[in-house]
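Below, each chain spelled out in residue letters.
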Amino acid sequence: MSVAQEQVSGPAAFKRRGRFRPGDAVLYVVTLLAAVTSVVLLTLITREVLADAWPAMDKFGLKFLTTQAWDQNKELFGARSFIFGTVVTSFGALILATPISIAIALFLTELAPRWIRSVVGPLVELLAAVPTVVLGLWGILILGPFIVSTLAPALHGALGFLPIFGPPPPVGSSMFAAILILTIMMVPIISSLCRELFLGVPSELKDGALALGATRWEMVRGVVFPYARAGIAAAMILGLGRAIGEAIAVTQVIGASVAINTSLFEPGDTLASRIAGQYQGADTALQVSSLVYLAVILLVFSLVTNIIAQIVVRRVAGRHRV
Amino acid sequence: MRAFATRRKRFFGGISVLLVAASAVAALSVSVAQARSSAGELKGAGATFPAPLIAVWQQRYEAAKDVKITYNPIGSGGGITAITNKTVDFGASDAPLTPDQFNACNGCVQLPWVLSATSIMYNIPGAPNNLRITGAILADIYLGKIKNWNDPRIQRINRGFTMPDRAITPVYRSDSSGTTYNYTSYLNTASREWKSRVGKGTTVNWPAGVGARGSSGVSGVISRTEGALGYADVAYALKNKLKFFSVQNRAGNFARPGLVGIRAAAQADRKFSPTNELSIVNPPPGKRFRKAYPICTYSYVLLRIQSQQAALLKPFVTWALTSGQAFGPALVFQPVPKYVVERGKTTLRRVHP
Amino acid sequence: MSADSNTSQIFRTERIGRRKLVNHLVEAAATVSALLAVAVLVIVIGSVAKRGAGAISWDFLTKTPVIDTGFGEPQPSGIANAIIGTAIIVGIAVLLALPVGVLTAIYLNELAPKRVSAVLSLALDVLNGIPAIVIGIFVFVFLVVGHGQSGLKAGFALSILMLPMVARATQEVLALVPNSLREASLALGAAKWRTTLSVVLPQAVGGIVTGATLATARVAGETAPLLFTSSLVSDEINTNPNEALESIPMFIFKSAEQADPALHEQAWGAALVLIAFILITSLLARAFAARSRRRILGER
């Protein structure tokens, strides 16, 4: 990545002229210590989180993942509802966000005249800058009532045969609200990444297809998509990782229920959101430990998605460097 | 070469500005960091149940004694955690501490300082206030067995009003709540099925309904949702202008959560447990409890025996137990009986810096 | 190339009508999607602006919260303690993350052997991917349990979030600095450390400031770490970082759940203040970035 490294790197950096420069050694040590901080932090985080989850992990073992319960009195805790909630909300948001994001990226790279591009582009990125707590506030006070009054009855009326669109709920807190909020969060991330990908497609390829008589859509489908396929996948995975870890906006709109329902209009809970919602009132050691166990599961989920995304990104970068 | 010099100047200039700005913030905080929490301030956290009265106490006590009280209504569970973790000077909980929690707290005491009732609020458009309900019906609603307001069991005891054909949305506290503890303790006495299936606690596995955080969250959901039903301290019902039920007591009468009903219920337990616990839920039948409201509770203040703020805490809690009670009735907090005040003062003597 | 496999289909001009229709439909869908995104953005920001504007006043920005108890005169209520608390906590985060992030990037870009650099880069990326709530729980169990909350611990938690952002932004800017500058400086006999500090870094300062500003804007809106480290707060203005300090995101979070419409209005106002701050800093940072990038690439 850095061209400078080819010239002077590592300990060789200050042994070049044979003369020992103490300043170089100082710089090396200081920056090395700084760089090592991230590794130290990672180790600390992993160790502390595992250590505090250990009592719950010891007591429940892997059955924790398949138990659907969160009962302080019976001292029974399980992650099943929240794993379900995390998967449903994140993938639900991904399904909604991906086509919209790709369409926006296409609009900005292929369709829009320059002046629209310079306006709409920053606007979409602005959506990424909205703090999640503000999105959650908007979700509670505006989106929730809108779902109850308009959106849910409409969806139930039109698509009620699908079990996911059950009877309209009396309150706005639901998995559906969480999915919508997460979609709004994901779209700027995925669309800005896709936009860069589409801009990176060599114009000779695109022009060639157009010269052969392809319509713009056929050119996109035949040239841009195959070229950017891996990058789009990486963008989707990165967006997914973000949604999995979102705690605040989700806990504000999801309704904090342990039940597993087929209808999206029912309340639910995710791993991150349960941690945020419950930690303050967790007064038994086992409950705190179970919450940290949830954090461990969440950590595994987000690490896995992050690593997969990194692998895809690096493979894409490698292929395109040729 | 000159470009080099100007760039260096600009670089050092830029870095200096950043560092000066950051140092200014640091210096400001360090200079104030010398003093610990200012001499006249007490920090508390806990139950939302007594929060309306504590809010009045905050204003009145500061006006009288120039001591600032701040209170974070995060739920009884939060209060217990906060005093255990030493992040506050006093905690508040409607649910008395369990032996395990006393152990974890390691040197805490509790004493009752507030007395009121948990109202069952409802949002039925067009309905009169104080419709009637029983504990058994409430248990079945929250068990998910009664789903509609026009269920014959509800209609039968409310002959003066035609119950609408509308789904019931039960609302519960999603956070760790002493009000939940009070309400579920009551449901335990009213329904055997509730006792075996769900039980009592600051959080339970609610078979039906939607969750909301805090008493004000519950009131908020109920006021926004037609057909909703939920429980919170009666002060919240009054504040949000919500209607609430008359609940049947063991004597067979339907009692309202007012000062009369609370006063009658308080007589149900005058004997303190070793940890100052008093349980007045669902008083027994009998002449004394004819008018008792069955879902009343004391709320407790949680203190550390050894506290840096003892010099400020003791006068405040004493004031709350005595002068502070006078502000209660307007918010339907019944002034605590004399024996509670005496017990509180005795317990306070154990608190020292 | 997959374009080849499609060319035989593309040649069939007798289907041109249908192909043009499909093309138009897709273009329409793309346009609608973009407009939908803009519409949602306008609705969200618009709601905040409309409902928050009513709450903003000089009192709102300079007074502390007052609970309405129904007794006595209604007093003006504000978020001054939250604004100051956020400034202090974010200030601490910047103080911690900026030096470490810049030094890390210098090491990775200028001094490290390639394999070490790759490993440490990966560590930074992994750190970046950890959700804020997990960072919050980490700081909670590591520092807060048994010891209490404080603004310092909140700032520390936020700095963990900031560190990868600052490091990555600095890395990118350092990579932009042309190698000829480094070589020239070394050829003239300057030590490596001299070269880095006096030649490379000044070129990169613009980008570093931009990256740090953007990271600060991002982190100023984070709520999850504050939930664990600075949530039990007083209503007074508090500048002591050893105690829990109120912050704008926490204020919004707490007020949003209440039933009181007056608190909702305050929450909107606080949201407007937060968004305005993030917007202005982001715009300034980007403008500064464009200018400094032009300068680096222009001079060669």
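Residues numbered from 1 in each chain as written. Chains lettered and ligands numbered in written order. Predicted model: local features only at pLDDT ≥ 70, side-chain atom pairs only at ≥ 80, totals over all residues. Heavy atoms only, no water.

The next thing to look at is the nonpolar core. One finds Phe64, Val134, Phe198 and Leu294 of chain A together with Ile133 and Ile252 of chain C to be the most contacted residues of the largest nonpolar core, which totals 171 residues. For this core, the element with the highest residue contribution is helix α6 (residues 175–200) of chain A, accounting for 16 residues. Each residue touching Ile252 of chain C, except ones within four places of it in the same chain, is listed here: Val133, Val134 and Leu137 of chain A together with Ala267, Ala270, Ala271 and Leu274 of chain C. Counting 102 residues, the second largest nonpolar core, distinct from the first, contains Leu111, Ile168, Tyr236 and Ile305 of chain B. (Core = buried A, V, L, I, M, F, W, Y, C linked by side-chain atoms within 4.5 Å. Buried < 20%, exposed > 50% of the residue type's maximum accessible area, 1.4 Å probe, protein only. Helix = DSSP H or I, 4+ residues; strand = E, 2+ residues; numbered from the N terminus. Contact = heavy atoms within 4.5 Å.)

Relative to each other, helix α5 (residues 132–159) of chain A and helix α2 (residues 16–53) of chain C sit at 80°, their axes nearing to 11 Å. Put simply, α5 of chain A runs roughly perpendicular to α2 of chain C. Counting all contacts with α5 of chain A, which are made through Val134, Leu135, Trp138 and Ile142 of chain A, the residues of α2 of chain C involved are Ile43, Val44, Ser47, Val48 and Arg51 of chain C. A breakdown of the residues in the contact of α5 of chain A with α2 of chain C according to their chemical character gives 7 nonpolar, 1 polar and 1 charged. (Axes fitted to C-alpha atoms, helices over the stretch in contact; angles between N-to-C directions. Parallel < 35°, antiparallel > 145°, perpendicular 65-115°, else oblique. Nonpolar A, V, L, I, M, F, W, Y, C, P; charged D, E, K, R; others polar.)

Our next topic: the state of the cysteines. Residues and elements named next belong to chain B. This structure, assessed with the given rule, holds 1 disulfide over all chains. With a sulfur-sulfur separation of 1.8 Å, Cys105 is cross-linked through a disulfide to Cys108. What sets the handedness of the Cys105 and Cys108 disulfide is the S-S torsion sign, and at about -55° it is left-handed. Both residues of the pair, Cys105 and Cys108, belong to the buried class. (Disulfide = S-S within 2.5 Å.)

Looking now at the pattern of salt bridges. One pass over the structure, following the stated rule, counts 19 salt bridges over all chains. Residue Glu27 of chain C is joined to Arg216 of chain A by a salt bridge in which the shortest nitrogen-to-oxygen separation is 3.3 Å. Remark: Arg216 of chain A occurs in helix α8 (residues 216–245) and Glu27 of chain C occurs in helix α2; the pair is interchain, linking two chains. Classification of Glu27 of chain C by relative accessible area gives buried; the value is 18%. (Salt bridge = Lys/Arg side-chain N within 4 Å of Asp/Glu carboxyl O.)

Turning our attention to the side chain of Ser116 of chain B. All names here are of chain B. With respect to the element layout, Ser116 can be found in strand β4 (residues 108–122). A distance of 3.0 Å separates a polar atom in the side chain of Ser116 from a polar atom in the side chain of Asp233. Setting aside its immediate chain neighbours within four residues, Ser116 contacts Phe49, Asp233, Val234, Ile262, Cys296, Thr297, Val332 and Phe333. (Polar contact = N/O pair within 3.5 Å; in protein donor to acceptor, adjacent residues only side chain to side chain.)

Residues and elements named next belong to chain C. Assigned domains of chain C: these are domain 1 (3–55) and domain 2 (80–297). Every contact between the two is made by 9 residues of domain 1 and, on the other side, 7 residues of domain 2. Taking both partners together, domain 1 and domain 2 bury about 640 Å²; carbon and sulfur atoms supply 84% of that area. On the domain 1 side of the interface with domain 2, the three residues burying the most area are Val48, Arg51 and Ala55, jointly 59% of the side's total. (Domains from an automatic or database assignment. Buried area = accessible area lost by both parts, 1.4 Å probe.)

Below, the discussion takes up the domain arrangement of chain A. Residue and element names in this part refer to chain A. In terms of domain boundaries, chain A breaks down into domain 1 (3–60) and domain 2 (66–321). Measuring from the centre of the C-alpha atoms in domain 1 to the corresponding centre in domain 2 gives 34 Å. In this complex, domain 1 contributes 10 residues to the contact, which on the side of domain 2 involves 9 residues. Surface buried jointly by domain 1 and domain 2 totals about 870 Å² across both partners, of which 79% is contributed by carbon and sulfur atoms. Taken together, the connections running from domain 1 to domain 2 amount to 0 salt bridges. Summed over the shared surface of domain 1 and domain 2, the result is 3 residue pairs in polar contact (both at pLDDT 80 or more). When grouped by side-chain class, the residues that make up the side of domain 1 that touches domain 2 number 8 nonpolar, no polar and 2 charged.

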